[in-house]
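Report on the structure
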Amino acid sequence: MALEGSHEEYIIINGTLLTGVQNVSFQQNVNEVPISVLGNDFSSTTINGPTTVTAAIDKFLLNSDFVTGLTGLTTISGQFEYGDNFLDFSQAVLNSYAVSASVGELPQISFDLSIYGSLSGSDTSIRSSASTESAIEEVPQSGLIVTFDKNATNAVQSFSFSETFNVQPIYGLGQNAPSHLSIIGPINQEATIAIEVEDYEFEETFSFLSNSKDRNRTIQLQISGEGGILNTFALESGHLVSESISAGAGDTIVANLNYRGFKKV
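Residues numbered from 1 in each chain as written. Predicted model: local features only at pLDDT ≥ 70, side-chain atom pairs only at ≥ 80, totals over all residues. Heavy atoms only, no water.

**Brief notes about the overall build of the protein chain**
Quick reminder of the rule: Segments assigned H or I by DSSP are reported as helices when at least four residues long, segments assigned E as strands when at least two residues long, and all are numbered from the N terminus. The cut-offs for exposure are 20% and 50% of the maximum accessible area for each residue type, with area from a 1.4 Å probe on protein chains only; residues under the lower value are buried, those over the upper are exposed, and the others partly exposed. Computed with the Shrake-Rupley method and a 1.4 Å probe, the accessible areas treat only the protein chains shown as cover for residues.
Counting its regular elements, the protein chain contains zero helices and 17 strands. Among the 265 residues that make up the protein chain, the fraction classed as buried is 36%. For the protein chain, the exposed surface amounts to about 14200 Å²; the carbon and sulfur share of it is 47%.

**Quick word on the pattern of salt bridges**
Heads up, the condition is: Any Lys or Arg side-chain nitrogen found within 4 Å of a carboxyl oxygen on Asp or Glu counts as a salt bridge.
In total, this model carries four salt bridges according to the counting rule given. Arg127 is paired through a salt bridge with Glu81; the nearest N and O atoms lie 2.9 Å apart. A residue pair is termed long-range when its members are at least 10 positions apart, and Arg127 in the loop between strand S10 (119–122) and strand S11 (131–132) and Glu81 in strand S7 (residues 76–82) qualify at 46 residues. What makes Glu81 buried here is its relative accessible area of 5%. The partner of Glu190 in a salt bridge is Arg260, with the nearest N and O atoms 3.6 Å apart. Note that Glu190 is positioned in strand S14 (residues 180–196) and Arg260 in strand S17 (residues 254–263), a separation of 70 residues in sequence. Glu190 gets classed as partly exposed once you look at its relative accessible area, which sits at 29%.

**Brief notes about the environment of Leu221**
Selection rule: Here a residue-residue contact requires only that any non-hydrogen atoms of the pair lie within 4.5 Å.
Considering the arrangement of structural elements, one finds Leu221 in strand S15 (residues 217–225). Along the primary structure Leu221 and Val146 are separated by 75 residues, whereas in three dimensions their C-alpha atoms are 4.7 Å apart. Apart from residues no more than four positions distant in its own chain, Leu221 is found in contact with Ile145, Val146, Phe159, Ser160, Phe161, Ala191, Ile193, Asn231, Thr232 and Phe233.

**Points about the pairing of strand S13 (residues 156–170)**
Our working definition: What makes two strands pair is DSSP finding at least two bridges between them.
Relative to S13, strand S8 (residues 85–102) is paired through seven bridges, and the arrangement is antiparallel. From the neighbouring strand, Ser100 faces S13, where its bridge partner is Ser160.

**Re unusual backbone geometry**
Following Gly185, the chain continues to Pro186 via a peptide bond in cis, the omega torsion being 0°. Along the polypeptide, Pro186 turns up in strand S14. Positive phi is not limited to glycine here, since Asn14 has a value of about 50°. Among the structural elements, Asn14 can be located in the loop between strand S1 (9–13) and strand S2 (16–17). Owing to a relative accessible area of 33%, Asn14 belongs among the partly exposed residues under this scheme.

**Let's talk about the packing of aromatic side chains**
Note the cut-off: Note on aromatic pairs: the rings of Phe, Tyr and Trp (six-membered ring only in Trp) are paired at centre separations within 6.5 Å, and the planes decide the class, stacked below 30 degrees, edge-to-face beyond 60, tilted for the rest. Cation placement over rings: the criterion is NZ of Lys or CZ of Arg within 6 Å of the ring centroid and within 35° of the ring normal.
Summed over all chains, the structure comprises six aromatic pairs. Look at Phe80 and Tyr82: their rings are 5.1 Å apart centre to centre, the planes differ by 20°, and that puts the pair in the stacked class. Joined through ring pairs, the aromatic side chains of Phe26, Phe80, Tyr82 and Phe89 make up one cluster. We note Arg127 situated over the ring of Tyr10; from NZ or CZ to the ring centre the distance is 3.8 Å.

**Looking at the environment of Glu9**
Mapping Glu9 onto the fold places it in strand S1. Spatially, the C-alpha atoms of Glu9 and Gln22 are 9.6 Å apart, while their sequence positions differ by 13 residues.

**What to know about the side chain of Gln222**
Here Gln222 lies in strand S15. According to the relative accessible area criterion, Gln222 is buried, its value standing at 14%.

**Thoughts on the confidence of the model for the protein chain**
So the rule is basically this: On a range of 0 to 100, pLDDT expresses the predictor's confidence in each residue.
Model confidence for the protein chain is summarised by a mean pLDDT of 82, while 85% of its residues fall at 70 or above. When the criterion is pLDDT under 50, residues 1–5 qualifies, and its contacts beyond four places in sequence or with other chains add up to 15 contacts.

**Thoughts on the environment of Arg127**
Judged by relative accessible area, which is 30%, Arg127 ranks as partly exposed. Remark: the alpha-carbon pair of Arg127 and Glu81, spanning 46 residues in sequence, is separated by 8.4 Å. Residues contacting Arg127, with those up to four places away along its chain left out, are Tyr10, Ile12, Leu17 and Glu81.

Pasting the structure below:
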């Protein structure tokens, strides 16, 4: 089942009411396979694994954002309220999140949850007892700060950052819900940075084939507002995996740099 619509919607996670939510969807799939008898004739079907439930949420990234603090937790619970309906969920874990920020716009974050516990309807809203997130701030002209291996004279126009987690559920004999959830390393990280080309040169093509080339890059991405730094993201042992330069007639020349890294759990 997928749940989206024009009703007034609220999502509460670990006792916090999320602010600036743009889209919410839940998906539940039954793991079922056919059974064949002698002669390969169809007989019936059987369940060959636990029902998989996922949730996808898109929202504005806030000052001291709540979502990134969910990384590593395996006991996430909450409620999705849509219209007069309430959907409770438990034993969820963050699969991934992706942040995007551009000058003059509201930063955004999207994230995915896998729900290994129950997903069921409820008669009672928990919204009145939930705490709320902080206010939204627009990124000013100088609000994107990137510390990396390129010349600082190239103004940053936008960046994105993502982390993906490998979640391993462990089930006991006859159990419907896992007895334990583990996050197996490494954590995959990726960052894309768009800069105006003022003093920028492509890296020499064949240098990447040299064992002597140090491809490790320390990269820090920050979003700042009127009150200072709002959010910081760090790419550990980042490697440059692609770069491009593009321009249209009368447009600013922009270089796009893509980095990939891996972080210990």
